[in-house]
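If you want the building blocks of each chain, they are given just below.
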Amino acid sequence: MSKQAEIIIEGKSYQFPVIEGTENEKAIDISKLRDLTGHITYDIGYKNTGVTKSAITYLDGEEGILKYRGYPIEQLAEKSSFLEVAYLLIYGKLPTAEQFKNFDTSIDRHSMIHEDVKKILDGFPSYAHPMGVLSSLVCSLTAFYPESLDPNQTEEQVDNSIIRLIAKMPTMVAWAYKKSKGRPVNYPINDLDYCSNFLHMMFANPTEKYIVDPVVSAALNTLLILHADHEQNCSTSTVRIVGSSQASLFGSVSAGINALWGPLHGGANQEVIEMLDAIKADGGDVQKWVAKAKDKNDPFRLMGFGHRVYKNFDPRARIIKKACDDILGKLGVSDPVLDIAKELEHAALTDQYFVERKLYPNVDFYSGIIYRALGIPVNMFTVMFALGRLPGWIAQWKELRENKEPIGRPRQIYTGETDRDYVEMNKR
Ligand code: ACO
């Protein structure tokens, strides 16, 4: 007999099925809970709530394991390319040589964006945060490809939107950056690989020849792979919940970009480097800042530390920490905040407060140092995260659609006023 969980409410017993995933993750299926008992579950922040069954990414926060479609993140980061990982996440298996060539060629063909998008870009002030610019540009694709709005579009049309989004995202990211600098935009060069093409659009300028440094391009490839998916985090859940209303891929991903922007999520990579710079400017006393982070009367938190699901080292942070040393060494860059970061990490990992709460460095702790060494400005860090996370958002949106999941609609426990009679106080 399959496993059951028993819930007793006011002396009455109810049985609910226990379901198991392929990695032995267990859940109590309470989909009939309200019908049977009149109760709902209360789980603020969804700390114990599984919202879907997904075959894309597996992570074990206790053991520090992360796999995309069964492949360990360590192997993919070392051996694969970002586009191959994108294909893997979206279509479920590694592409054959022919499939990869077709995928790559289609992406090359769609890397240009409609010239009218430039007019939208021009409407923004140069000081606009590039995350806001990016989410607007991504959403604007709904206007240029209105067929993407049709919930009953064919799979071929869905694939076209997927290719368009992957192809145009580097162009839009680079253009958001150029806009913030008040410089002319660069058009894509399709015989460059995905990362090199992006670097060209970011850094080439009309007055001098720009040659892509293969060390920079390879480092970017690794960073993007590490960010490519992370199951049901805040931005991905946003993409899924927006997509569950049958909103378009472009609209759903645009919402995901906004969710990623916050400092508790993808915005943390910008906050980390600003924190490390502030510690340096303050004299570099890491113990003082660790004490601040522990002080419950001080709102300061150690940015880049702690994670909702990792209660062990974030495996991505391990890879990035090592990459940080390698890349800075290869580029001959010396960044004093790297030493501060290492000192801070050591101080926190040996402090009772952080040990007891299982707070470890997360993916954002070292990524900013690499981005800075690659020449990416601080306000673009979260945008880089969005570029990396795109295949994951797409894969999750596609899976939700293929599984025909119902609209997401949580419930609540109402705690407001009960009945009150209206008393007119202001004339209409
Ligand atoms: N510095 C100091 N204390 C912390 C930190 C931190 N970075 N993170 C958590 N804590 C403490 C909390 O104060 C709390 O202590 P308490 O039990 O005494 O009240 C305990 O650890 C648990 O923290 P919660 O906030 O309840 O954990 P939650 O799972 O809700 O939050 C989060 C996770 C948001 C990532 C949190 O650790 C944090 O704010 N970290 C800093 C921001 C950051 O780096 N975000 C990026 C996350 S990775 C990503 O999204 C890509």
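As a reminder, the structure under discussion sits directly above these lines.
So, here is what we can say about the structure in this document. What you see is a predicted model, and the numbers here were worked out from it, not measured in a lab.

## Some remarks on the site of the ligand
Around the ligand, 21 residues are found, and the nearest of them are His265, Arg301, Leu302, Gly304 and Arg308. Measuring from a nitrogen atom of the ligand, one finds a backbone N or O atom of Leu264 at 3.0 Å. At a separation of 2.7 Å, an oxygen atom of the ligand approaches a polar side-chain atom of Arg308. Taken by itself the ligand offers 920 Å² of open surface, and the protein chains cover 77% of this. Among the residues forming the shell around the ligand, the class breakdown is 10 nonpolar, five polar and six charged.

## A closer look at the pattern of salt bridges
Enumeration over the complete set of coordinates arrives at 21 salt bridges. The partner of Arg357 in a salt bridge is Glu356, and the shortest N-O contact between them spans 4.0 Å. Here the salt bridges share partners, and the residues they tie into one network are Arg240, Glu399 and Glu405.

## A look at the pairing of strand β4 (residues 57–60)
Burial along β4 is two-sided: the face carrying Thr57 and Leu59 and the face carrying Tyr58 and Asp60 are both buried. As judged from the four bridges shared by β4 and strand β5 (residues 65–68), these two strands associate in the antiparallel manner. For Thr57, the partnering residue across the bridge sits in β5 and is Tyr68. Linking β4 back to β5 in an antiparallel pair, the connection comprises four residues, with Gly64 at a positive phi of about 70°.

Conventions used here
- Residues numbered from 1 in each chain as written.
- Predicted model: local features only at pLDDT ≥ 70, side-chain atom pairs only at ≥ 80, totals over all residues.
- Heavy atoms only, no water.
- Near = heavy atom within 4 Å.
- Polar contact = N/O pair within 3.5 Å; in protein donor to acceptor, adjacent residues only side chain to side chain.
- Areas by Shrake-Rupley, 256 points an atom, 1.4 Å probe, with all protein chains shown as cover.
- Nonpolar A, V, L, I, M, F, W, Y, C, P; charged D, E, K, R; others polar.
- Salt bridge = Lys/Arg side-chain N within 4 Å of Asp/Glu carboxyl O.
- Buried < 20%, exposed > 50% of the residue type's maximum accessible area, 1.4 Å probe, protein only.
- Helix = DSSP H or I, 4+ residues; strand = E, 2+ residues; numbered from the N terminus.
- Pairing = 2+ DSSP bridges.

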